[in-house]
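Each chain, letter by letter, is given below.
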Amino acid sequence: MTDTQHFDVLVVGGGHAGAEAAAAAARMGAKTVLLTNKVDDIGQMSCNPAIGGIGKSHLVAEIDALDGVMGRATDKAGIHYRILNKSKGPAVRALRVQTDRDLYRKAAQEILHEYESLVIRQESVLEILTEGDKAIGCSVNSGRVYFAEAVVLTAGTFLAGKIHIGALQTPGGRVGEPASSKLAESMRGMPFRVGRLKTGTPPRLKSESINFEVLEKQHSDELAPTMSARSSKEERPSQISCFITHTNINTHKIIEDNILSSAMYSGAIEGVGPRYCPSIEDKINRFAGRDKHQIFLEPEGLESDLIYPNGISTSLPLDAQNQFVHSIRGLEEAVISQAGYAIEYDYYDPRDLNYSLETKGVQNLFFAGQINGTTGYEEAAAQGILAGINAVRLVRGLDAWEPARDSSYLGVMIDDLTHLGTKEPYRMFTSRAEYRLQLRQDNADQRLTETGINLGVIGPERALLYRDKMKTQRELSDRLAREVVFPNSDVAKMLGLELSREFKLADLFRRPELDVLKAADALGINKADAKTVSALETIETEIKYEGYINRQKVEIQKIRKAESEALPTNLNYDGIEGLSSELKQKLVHFRPKSLDRASRIPGMTPAALSILLVHAKRAYAE
């Protein structure tokens, strides 16, 4: 007799997307099960042991604003903090944290075990079960069947995963773990467009075999904030340094001589690799005029003897990897513990998803993570939290939550994926967001936490922290608007400003030369009080960029007006004269809900939008 289990939400996969999806569903009180090949590998960092970076840390801040796992786990495991783009504006500043792999995995698992309504099972999923056009659960290799009202599939690189090292090919989701071949085979029978993508990883090096004495040292940034609002700097593990080296002309010559033996260049891989995280072979080929490329040597943990050489991802044969590694300064005697490799896997066209991440072809089935064509832990985790929220809302008969482009980087990513699709692994950058001055890392909670509270995905501790922060910001804002600074006063001297007359403190914050830490001293704020200083920095940004922010708000209102021009779901695009055949086909496929969504279809023109508006109004009038 078949053993059956029944749940509200079933999550397949224990990577970053699966962890966030399961945690979000559990926080909302849904009876949730997380199925994974290996329970001990939940939260595993398959590639680079780091979280954050340009655009990516903004996603982590938004996950944290919704009370997610990633920010908290990062701070419990963070061994090297770095603020990027310090000299640039607040919209593009970012936090990047090097983590201890083992500590991160342990922290993620501990957080998941906090949720009483979450069950975690070690199972290999064989097939997503359907009834008509609805997903109803899955079958697993133990013979059990899991039934659920909503299924979230977060398979990462495991769907028909194939590892390449030179001419050597082995099935696998990552080194040492089997691919989900039977699940991939069953998925290909579903009504989705499937393709192949590729990602890669560098060789791992033995720490004791590296000559760090000749390398540039990069210290952890003492002023860097925590990744999560629920963390404190005191909770951080010991901080360690990373190191920098470079490839050279000799390195490039070795790679050029061996490039046809690389899986990427021999024709063995059909999948497209990430444009913004290329292999060292791609770098040498695409940037032939450069005589060096930077490499960050990043420790994999406090107790680990492995170094992650960020910047030399490769699928060359092992002997070629040894040759080019030994040509690099400081790595002349380096011992490769694990060869670098490329991994090729199935992904599904994200244009076959609704904005909620529910698939269009199969009801009650959600996709999140690399299965949707993205790359990176942060992008996967952000999709996971959205899929988890919307899975619960579907079970409860509620409308899906669809974060807008002007409210979050999550909204930017989902809008890009579901409307434009992707033919290469999608990576988040601040440049993708039109309104990035409003979508800063420091104000993610102001943009999303109240929404999260209304959605029921925010726990009481996170909600209290948010309300305390907003209270602090209001009090500080009132004080700045109220207090006056006189010329030659002690406060003016502490601020380092020469004043010709008295000014309100708030007006002085508009000056580019004002140092926010000096302002904290002048206000009697303890600089060690990270949360109050952070609130002051947010106020400074909003005062200093008030004009630009207000202009963006006007633009957003215009766009929302366009969004309010809804397009009928049954509009007969084939019968509309004046539209090209190509646009008709795209409109039939996308079925955009509004003029704003239609405007982002590739090839759309202002004239075509005007025609659509006329026909939409005519359809609503009939």
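Residues numbered from 1 in each chain as written. Predicted model: local features only at pLDDT ≥ 70, side-chain atom pairs only at ≥ 80, totals over all residues. Heavy atoms only, no water.

Overview of the sheet that holds strand β16 (residues 294-299)
Across the sheet, six strands lie side by side as β14-β15-β16-β17-β13-β18; this open sheet has antiparallel pairing. Each edge of the open sheet carries a strand with a single partner, namely β14 (216-218) and β18 (336-338). Going across the sheet, the axis of each strand differs from the next one's by a mean of 35°, ignoring polarity. Where β14 meets strand β15 (residues 242-246), three bridges bridge the pair, whose relative direction is antiparallel. In the sheet register, glutamate 216 faces β15, and the bridge partner there is isoleucine 244. (Pairing = 2+ DSSP bridges. Helix = DSSP H or I, 4+ residues; strand = E, 2+ residues; numbered from the N terminus. Axes fitted to C-alpha atoms, helices over the stretch in contact; angles between N-to-C directions.)

Here we look at the side chain of aspartate 416
Structurally, aspartate 416 is set in helix α11 (residues 409-420). A polar contact is formed between the side chain of aspartate 416 and the side chain of arginine 405, at a distance of 2.8 Å. (Polar contact = N/O pair within 3.5 Å; in protein donor to acceptor, adjacent residues only side chain to side chain.)

Digging into the pairing of strand β10 (residues 162-165)
Both β10 and strand β19 (residues 341-348) contribute to a ladder of three bridges, which runs antiparallel. Its bridge partner being in β19, isoleucine 163 is matched across the sheet by isoleucine 343. In this sheet, strand β11 (residues 168-171) lies alongside β10 in antiparallel orientation, the contact comprising four bridges. The partner of isoleucine 163 across the bridge, within β11, is threonine 170. Counted between consecutive antiparallel strands, the loop separating β10 from β11 contains two residues, among which glycine 166 sits at a positive phi close to 60°.

Some points on the pattern of salt bridges
In a structure, side chains of opposite charge can pair up when their charged atoms sit close to one another. All chains considered together, the criterion is met by 37 salt bridges. Put simply, aspartate 257 and lysine 253 hold a salt bridge, and the shortest N to O gap is 2.8 Å. Here aspartate 257 pairs with lysine 253, and both are found in helix α6 (residues 249-258), just four residues apart, close to one helical turn. Look at lysine 253 and you get partly exposed, because its relative accessible area is 44%. Aspartate 507 is the salt-bridge partner of arginine 510, the closest N and O atoms lying 3.8 Å from each other. A single network of salt bridges, built from pairs that share partners, joins Arg188, Arg196, Glu344 and Asp346. (Salt bridge = Lys/Arg side-chain N within 4 Å of Asp/Glu carboxyl O. Buried < 20%, exposed > 50% of the residue type's maximum accessible area, 1.4 Å probe, protein only.)

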